[in-house]
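Structural overview for review
Single-letter residue listing:
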Amino acid sequence: MASFTVKAKRLCVLGAAMLLILTILSLFVGKYPLSLRALMDGDAMQWRVFGTLRVSRTLVGAVGGFALGVAGFVYQTIFRNPLASPDIIGVSSGASAGAAAGILFLSGAGAVTAASFAGALAAVVIVLGLSALDKTGKNSTIVLSGIAVHSLAQTALMCLKLTADPERQLSSIEYWIMGSLNGISGYSITGNLLLCLLCLGTLFFLHRQIILLSGEEGEVRMLGVSVGRRRLFVLLTATLTVSAVVSLTGLISFVGLLAPHGARLMTKNNRPSTMLLGGLLGGSLLIGADLLARSLAAAELPVSIFTSLLGAPFLIILISRRKNI
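Model, not experiment: these values are computed from the prediction.

Definitions and cut-offs
Residues numbered from 1 in each chain as written. Predicted model: local features only at pLDDT ≥ 70, side-chain atom pairs only at ≥ 80, totals over all residues. Heavy atoms only, no water. Helix = DSSP H or I, 4+ residues; strand = E, 2+ residues; numbered from the N terminus. Contact = heavy atoms within 4.5 Å. Areas by Shrake-Rupley, 256 points an atom, 1.4 Å probe, with all protein chains shown as cover. Axes fitted to C-alpha atoms, helices over the stretch in contact; angles between N-to-C directions. Parallel < 35°, antiparallel > 145°, perpendicular 65-115°, else oblique. Left-handed = near helix turned anticlockwise from the far one by under 90°. Expected span 1.5 Å × (residues − 1). Bend = angle between axes of the 7 residues up to and from the residue. Buried < 20%, exposed > 50% of the residue type's maximum accessible area, 1.4 Å probe, protein only. pLDDT = per-residue confidence, 0-100. Phe/Tyr/Trp six-rings, centres within 6.5 Å; stacked < 30°, edge-to-face > 60°. Patch = residues over 30% accessible without salt bridge, like charges linked within 9 Å, V, L, I, M, F, W, Y side chains within 5 Å. Salt bridge = Lys/Arg side-chain N within 4 Å of Asp/Glu carboxyl O.

From N to C terminus, the protein includes 14 helices and zero strands. The contacts in the protein between residues at least 6 apart in sequence include a share of 76% that link residues at least 24 apart. For the protein, the accessible area works out to roughly 15200 Å², and carbon and sulfur atoms hold 69% of it.

Between helix α1 (residues 6-28) and helix α3 (residues 44-79), the shortest axis-to-axis distance is 9 Å and the interhelical angle comes to 150°. Comparing their axes, α3 and α1 come out roughly antiparallel. The two elements α1 and α3 meet at a crossing, and its hand is right-handed. From α1, Leu19, Thr23, Ser26, Leu27 and Phe28 reach across to α3, where they touch Phe50, Arg54, Val55, Thr58 and Ala62.

A few words on the environment of alanine 118. Relative to the assigned elements, alanine 118 resides in helix α5 (residues 109-132). As for alanine 118 and serine 247, which are separated by 129 residues in sequence, their C-alpha atoms are 8.8 Å apart.

Over its 36 residues, α3 extends 51 Å from the first C-alpha to the last, a length consistent with the 52 Å expected when each residue adds 1.5 Å. The principal kink in α3, of about 40°, is found at phenylalanine 50. Counting buried positions over the 36 residues of α3 gives 27, a clear majority of the element. The first or second residue beyond α3 is arginine 80, which carries a positive phi of 50°.

When the pLDDT values of the protein are averaged, the result is 83; 90% of them are 70 or greater. Looking over the protein, one finds the lowest element-wise mean pLDDT in helix α10 (residues 217-222), namely 62, and the highest in α1, namely 92.

Tallied over the full model, the rule gives four aromatic pairs. Judged by centre distance (6.3 Å) and plane angle (40°), the ring pair of phenylalanine 28 and phenylalanine 50 falls under tilted. One end of the pair, phenylalanine 28, is in helix α1; the other, phenylalanine 50, is in helix α3, and 22 residues separate them in sequence. Residue phenylalanine 28 is classed as partly exposed on the basis of its relative accessible area of 24%. By relative accessible area, phenylalanine 50 is classed as buried at 16%.

This brings us to the environment of phenylalanine 66. Residue position: phenylalanine 66 is located in helix α3. A residue is classified by how much of its surface remains accessible, and phenylalanine 66, at 15% relative accessible area, is buried. Phenylalanine 66 sits 217 residues away from glycine 283 along the chain, and the two C-alpha atoms are 4.3 Å apart.

A few words now on a nonpolar patch on the surface. On the surface, a cluster of nonpolar side chains totalling about 300 Å² of accessible area is made up of Ile126, Leu130 and Leu133. Examined against the element boundaries, leucine 133 turns out to sit in the loop between α5 and α6 (139-163).

Bringing the pattern of salt bridges into the picture now. Applying the stated rule across the entire model yields four salt bridges. Arginine 57 is the partner of aspartate 290 in a salt bridge, and the nearest nitrogen-oxygen pair spans 2.8 Å. Here aspartate 290 is found in helix α13 (residues 272-295), whereas its partner arginine 57 is found in helix α3, with 233 residues between them in sequence. No difference in accessibility class separates aspartate 290 from arginine 57, as the two residues are buried. For glutamate 300, the salt bridge identified is with arginine 57, shortest N-O distance 2.3 Å. Within this pair, whereas glutamate 300 is found in the loop between α13 and α14 (304-321), its partner arginine 57 is found in helix α3, the two being separated by 243 residues in sequence. Of the two residues examined, glutamate 300 and arginine 57, each falls in the buried class. What you see here is one network of salt bridges that share partners, running through Arg57, Asp290, Arg294 and Glu300.

Here it is, written out as structure tokens:
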């Protein structure tokens, strides 16, 4: 806790309180409204909706948003780039191509989730494999590899769309790409959440090394840190975290960019407390967007619409300022 200043502790407490409030709202708000009185009276339908759908959806929103915020912090720190996000090494495009293949050739939501996870993981393995060919271990090599894999995955996705049934499969692919927490149930999230929590625990355990990796490479090597191997391990762990989330939710825009940046603006530093606050803001952002997505229209809207409405202006302001925070 030595790295937590008084200001950082207060911000983290406020972030946790905000996430808790939104989580409680998420449990009761929706097309089928739930009430505490009906649950206490033992209403069977209320308990079925609460236990099967609402709890799992809220868990994925809170844990998934937290994971995207933490992963975004890791990418921005290691790449020393305020615009870095999970997309930078192809995880999102790989997940999209995998999900499209699952929708076309497999059956069932679980199969699509597994296919999207496999696509994301394959993209990352290819990126890290390509970057390993460069013995200098420069960050730019991973970025360039990510751009190449992203282009290949997008090409594969376009080819899969061309072969899809326009009335059924194509709409499912497009809806998945837009991202949503709709349809998540307790039957399909256990493995993904366990993997996500395991990766998050690993990242927080390695938080000091993550901060070290943001320094000049020569200085870090003098401290006895194996820069290349540690960087690859941390990036793979962060990407596994993101893959576990997006394979359930589809693509969620801007959370991995907005949350760590917002945390850094509040704390004015890049310490582990900022990493925790970024996760709390990410969870709050995703659950808040999901509450809007299920409440503002008769039909449920993709959650990325609301994260993008927040993210796009923030990105424009960030680019106009061109400051590393």
